Amino acid sequence: MSPKPKILIVDDNVSNILVIEELLGDLDVELIRAKSGLEAIEKAKQQEFALILMDVQMPGMDGFETVEIIRQDEKTLLLPIIYITAIYNENYYRTKGIKTGAVDFITKPIIPDLFIGKVTLFVNLYKQRMILEQEVQKRKEAEEEMKLARDLARQAAQSKQLFLSTMSHEIRTPLNAIVNTAKLLKEENPRDDQIEDIEILEFSAENLLHLINDILDFSKIDAGKIEFEAIEFEIRKLMNGIHQSFDYHATSKEITLEFTVAQDVPAVIVGDSARLSQILINIVGNAIKFTEKGKVLVEAAFLAKRGNIVDLVLRVSDSGIGIPEDKIQFVFESFTQASSSTTRKYGGTGLGLAITKKLVEMQGGSIEVKSREGEGSIFSVTLPFVLSEKDHLDEDMLMKATFQSLAGLRVLVVEDNLVNQKIVSKFLMKWNVNVDVAENGKIAVEKARRSRYDLVLMDLHMPEMNGYDATLEIRKMENNPNKDIPIIALTASAFIEDREKIYTYGMSGYIIKPFNPSELYWKIAPFIKK
Ligand code: ADP
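Rules and cut-offs
- Residues numbered from 1 in each chain as written.
- Predicted model: local features only at pLDDT ≥ 70, side-chain atom pairs only at ≥ 80, totals over all residues.
- Heavy atoms only, no water.
- Pairing = 2+ DSSP bridges.
- Helix = DSSP H or I, 4+ residues; strand = E, 2+ residues; numbered from the N terminus.
- Axes fitted to C-alpha atoms, helices over the stretch in contact; angles between N-to-C directions.
- Contact = heavy atoms within 4.5 Å.
- Patch = residues over 30% accessible without salt bridge, like charges linked within 9 Å, V, L, I, M, F, W, Y side chains within 5 Å.
- Areas by Shrake-Rupley, 256 points an atom, 1.4 Å probe, with all protein chains shown as cover.
- Salt bridge = Lys/Arg side-chain N within 4 Å of Asp/Glu carboxyl O.
- Lys, Arg positive; Asp, Glu negative; His and termini not counted.
- Charge placed at Lys NZ, Arg CZ, Asp CG, Glu CD.
- Parallel < 35°, antiparallel > 145°, perpendicular 65-115°, else oblique.
- Left-handed = near helix turned anticlockwise from the far one by under 90°.
- Nonpolar A, V, L, I, M, F, W, Y, C, P; charged D, E, K, R; others polar.
- Phe/Tyr/Trp six-rings, centres within 6.5 Å; stacked < 30°, edge-to-face > 60°.
- Buried < 20%, exposed > 50% of the residue type's maximum accessible area, 1.4 Å probe, protein only.
- Lys NZ or Arg CZ within 6 Å of the ring centre and 35° of its normal.
- Core = buried A, V, L, I, M, F, W, Y, C linked by side-chain atoms within 4.5 Å.

Observations concerning the sheet that holds strand S17 (residues 509-512)
Inference 1: Read from one edge to the other, the open sheet built from 5 strands follows the order S14-S13-S15-S16-S17, with strand pairing classed as parallel. Across the chains shown, the open sheet's two edge strands, defined by having one partner strand only, are strand S14 (434-438) and S17. Taking each pair of neighbouring strands and ignoring which way they run, the sheet shows an average axis angle of 20 degrees.
Inference 2: Sheet topology places strand S15 (residues 455-459) next to strand S16 (residues 487-491); 4 bridges connect them, and they run parallel. Across the sheet, residue valine 456 finds its bridge partner in S16, namely isoleucine 487.
Inference 3: Sheet contacts for helix H11 (residues 418-430): strand S13 (410-414), S14 and S15; angle to S14, the most-contacted strand, approximately 165 degrees.
Inference 4: Packed on one face of the sheet, helix H12 (residues 441-450) meets S13 and S14 and runs near 135 degrees to S14.

Pasting the structure below:
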């Protein structure tokens, strides 16, 4: 409960005060007396009043002077005052500061009802103001709390990003080593009995990598840090590629995998082909995973055209286990699987569809699922693309490079991790590249001063001097042919900021670790000058 409103009664005559006190006896207020102007000023400074009842004629300082002084204080500038005066006197209008606060007057002899009514009105106004002030205060406090919570959330998100970026580096680097060592082992004529073990090694490491990528992807999407590319591509080729990559897996499970693209689907469209692949791979991968035998059908169809935008539907139907009715609404949620036995039987994280849905929606599309337990599921994705005027694409630069040899290319590999050094060098040497190795940025800069290279593969995190600084140093070299050579960053970070940083430091591109050999090849090939 807030304290009672206080009223200050100022009068040099105690019997007048007593009369007023008597009249206001029934109000729920606290009455305070002041017997002179000075005493009133003093009390107004110390306490908060709802109202002052001010006698005008007083010896020494009269009521007007008293109010003038009270009004000088910021705190009491707006304090309502009622003058009580024997004669009607307009003098108070001339008093400085009077206009600011609420002012009223009552002539003596006081008419009780009128007097009580006026005082009650002011007291009620005061009470309402107090309630409002409390509300404002509460709101301020709530805003403060919200701001604090927002700041905390932002900080948490930042440290999460940092943590993920560091972890991805730490985890991807050794994974890079495992995946690529397995690949190397496979290529080095292993005994028949070793092949299976090597394949298990490769498969498990790749799975782990997949999981890490999923988690990173999800957190990137979560933080709104994802950008979509707009590049021309041929959807039939893209579907074909996905068909081929799943074909073996499907056949090994007695599944007929069929891909069809309707005739009215344009040949060339503009969009993010990598993300479209990711979306399709997730859904087709699930369809095959959750189907023991039967059929998986992937269809692309034309839905509508709006100006130069074309809406396509990608439908994946399977004859698999289906999704129970009460679980279907949850499949797009993160870390959700239709049944708890799913992980045991089929693996997976429950992140795939959550990522897929976000990727679809962020591009202005939609995804839905129809399913019947025991009969199969149909996932439909609707996505907008921009139409291209072309009806086919030329074999691009990269394809032409297929026929180029890397033989004789001089590449400097800058990498502090011994295993990674070995792996990168081994692959490069297979392609007859002349490889030189530097353990850190500093050594790389020295080497670049002395010898001529065609390309540098630059790790970013290294002792002594990191990859960014080493690149800056190389770019600064006067009269040195290495000054402008392609420098490709080897990064374990999947974050856009890190990639942008790579370009601002003058690097020509990046390869995300762990890379597969063909990726390494494709990243290097465009830089070969013939
Ligand atoms: P997971 O990594 O477990 O596959 P997803 O997010 O891709 O995660 O899928 C979530 C869950 O939805 C799966 O665990 C499975 O229970 C169910 N699901 C997805 N696709 C299918 C499908 N084609 N048939 C049956 N169930 C499916």
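Having seen the structure, we can now continue with the description.
Some remarks on a negative patch on the surface
Inference 1: A cluster of acidic residues, Glu141, Glu143, Glu144 and Glu145, forms a negative patch at the surface.
Inference 2: One can find glutamate 141 in helix H4 (residues 112-187).

A short note on the packing of H12 against helix H13 (residues 467-476)
Inference 1: Close contact between H12 and H13 brings their axes to 9 Å; oriented N to C, the two are set at 20 degrees. Overall, the two elements H12 and H13 adopt an arrangement that is roughly parallel. For H12 against H13, the interelement crossing comes out right-handed. Between H12 and H13, the contacting residues are Gly441, Val445, Ala448 and Arg449 on the first element and Ala470, Glu473 and Ile474 on the second.
Inference 2: By residue class, the composition of the contact of H12 with H13 is 4 nonpolar, 1 polar and 2 charged.

Observations regarding the packing of aromatic side chains
Inference 1: Applying the stated criterion to the full structure yields 5 aromatic pairs.
Inference 2: Arranged with centres 6.2 Å apart and planes meeting at 85 degrees, the rings of phenylalanine 332 and phenylalanine 379 form a pair that is edge-to-face. Of the two residues, phenylalanine 332 sits in the loop between strand S10 (309-318) and helix H8 (341-346) while phenylalanine 379 sits in strand S12 (residues 376-387), which places them 47 residues apart along the sequence.
Inference 3: Overall, phenylalanine 332 belongs to the buried group, its relative accessible area being 15%.
Inference 4: Each ring, one from tyrosine 503 and one from tyrosine 510, has its centre 6.3 Å from the other, and the planes form 70 degrees; the classification is edge-to-face.
Inference 5: The aromatic ring of phenylalanine 332 is capped on one face by lysine 357, whose charged end is 5.9 Å from the ring centroid.

Re the nonpolar core
Generally speaking, a soluble globular protein has its nonpolar side chains buried in company with each other.
Inference 1: With 44 residues, the main nonpolar core has Ile235 and Leu276 as its most contacted residues.
Inference 2: If we ignore the near neighbours within four places in the chain, the residues touching isoleucine 235 are Val265, Pro266, Ala267, Ile269, Leu276, Leu312 and Leu314.
Inference 3: Listed in part, the 23 residues of the second largest apolar core include Val445, Ala470, Met507 and Ile512.

Some thoughts on a nonpolar patch on the surface
Inference 1: Taken together, the side chains of Ile178, Leu185 and Leu201 present a nonpolar region at the surface, about 220 Å² in accessible area.
Inference 2: Its location among the elements puts leucine 185 in helix H4.
Inference 3: Exposure remark for leucine 185: the relative accessible area of 37% places this residue in the partly exposed category.

Quick word on unusual backbone geometry
Inference 1: With an omega dihedral of -5 degrees, the bond running from lysine 108 to proline 109 counts as a cis peptide bond.
Inference 2: Its location among the elements puts proline 109 in the loop between strand S5 (103-107) and H4.
Inference 3: A positive phi angle is found at asparagine 189, which is not glycine, with a value near 45 degrees.
Inference 4: Along the chain, asparagine 189 falls in the loop between H4 and helix H5 (192-222).
Inference 5: In this structure asparagine 189 comes out as exposed when scored by relative accessible area, which is 72%.
Inference 6: Not every positive phi belongs to a glycine, and glutamate 464 is a case in point at roughly 70 degrees.

A short note on the sheet that holds strand S3 (residues 51-55)
Inference 1: One open sheet accounts for 5 strands, arranged S2-S1-S3-S4-S5; its pairing is parallel. At either end of the open sheet lies a strand with only one pairing partner, and these are strand S2 (30-34) and S5. Neighbour to neighbour, the strand axes of the sheet diverge by 20 degrees on average, direction disregarded.
Inference 2: Strand direction decides the pairing type here: strand S1 (residues 6-10) and S3, joined by 4 bridges, are parallel. Of the residues in S3, the one forming a bridge with isoleucine 9 is leucine 53.
Inference 3: Here helix H1 (residues 14-23) sits on the sheet and contacts S1, S2, S3 and strand S4 (81-85); the angle it forms with S2, its principal contact strand, is near 170 degrees.
Inference 4: Strands S1 and S2 of the sheet are contacted by helix H2 (residues 37-46), whose axis makes an angle of about 140 degrees with S2.

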